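Structural characterization, general
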Amino acid sequence: NAGVTQTPKFQVLKTGQSMTLQCAQDMNHNSMYWYRQDPGMGLRLIYYSASEGTTDKGEVPNGYNVSRLNKREFSLRLESAAPSQTSVYFCASRGILSYEQYFGPGTRLTVT
Amino acid sequence: AQTVTQSQPEMSVQEAETVTLSCTYDTSESDYYLFWYKQPPSRQMILVIRQEAYKQQNATENRFSVNFQKAAKSFSLKISDSQLGDAAMYFCASFNFGNEKLTFGTGTRLTIIP
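These remarks concern the structure in this document. Note that the structure is predicted; figures quoted are calculated from it, not measured.

**Some thoughts on the pairing of strand β11 (residues 101-104) of chain B**
All names here are of chain B. Relative to β11, strand β10 (residues 88-96) is paired through four bridges, and the arrangement is antiparallel. Bridge pairing in β11 places Asn 96 opposite Lys 101. Taking the residues that link successive antiparallel strands as the turn, the β10-β11 hairpin has four residues, and the phi of Glu 100 there is positive, at about 55 degrees.

**A few points about the interface of chain A and chain B**
At the interface, 27 residues of chain A touch 19 residues of chain B. Carbon and sulfur atoms supply 55% of the area buried between chain A and chain B, which totals about 1900 Å² over both sides. For chain A, the biggest contributors to the area lost against chain B are Tyr 99, Glu 100 and Phe 103 of chain A; these three give 34% of the whole. With its nearest N and O atoms 3.1 Å apart, the salt bridge here joins Arg 50 of chain B to Glu 100 of chain A. One can count seven residue pairs in polar contact (both at pLDDT 80 or more) joining chain A with chain B. Of the residues forming the side of chain A that touches chain B, the biggest block, four residues, is contributed by strand β4 (residues 31-37) of chain A. Taken together, the residues of the side of chain A that touches chain B break down into 13 nonpolar, nine polar and five charged.

Parameters at a glance
- Residues numbered from 1 in each chain as written.
- Chains lettered and ligands numbered in written order.
- Predicted model: local features only at pLDDT ≥ 70, side-chain atom pairs only at ≥ 80, totals over all residues.
- Heavy atoms only, no water.
- Pairing = 2+ DSSP bridges.
- Helix = DSSP H or I, 4+ residues; strand = E, 2+ residues; numbered from the N terminus.
- Contact = heavy atoms within 4.5 Å.
- Buried area = accessible area lost by both parts, 1.4 Å probe.
- Salt bridge = Lys/Arg side-chain N within 4 Å of Asp/Glu carboxyl O.
- Polar contact = N/O pair within 3.5 Å; in protein donor to acceptor, adjacent residues only side chain to side chain.
- Nonpolar A, V, L, I, M, F, W, Y, C, P; charged D, E, K, R; others polar.

Now the structure itself:
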């Protein structure tokens, strides 16, 4: 099993450009999450999806949209990137019977 | 609101010695879980140990153990027989099932001295 995969691993955008970060899990998990990690601030929840077809805002949702495409895939979209969105983005998933979240390898995004 | 506080930005320990990383948390929920995650330079988030709040017994995983003090809302991580591979950022986190939120502390960078 690959676990949680994310693409791309690195990305550089110019201010105002858009892009979609992709996440997929092969563990048949119901819940999926997007976090951002900034220096000195730990990880903060952007959006989550408790099940296929549902999404909810987390702590820092402004400037982002998400899509739960199916049970396996959960994408994060930046419509108009800003330098403040320079960060490392992590996707995670969790099964019903577990409270542990399993993380992808992260995407380092730089917005210039 | 949930908060998790790690008051030690950096710690160092001699190889083979024992080190304790501190964490305090605050939550109004009665049903929650606590975790320690390790993040090596590869940036992969790796679960080290977890503790269910309703369990009084402290969790242990090989060289890693916790001291869970529920009344004090304290959740420290003890690493015994420290190894070079233990060098990483360590994050304490609490999960509230009610709001699906995993809240992280700001992390402690652990250095192992050979």
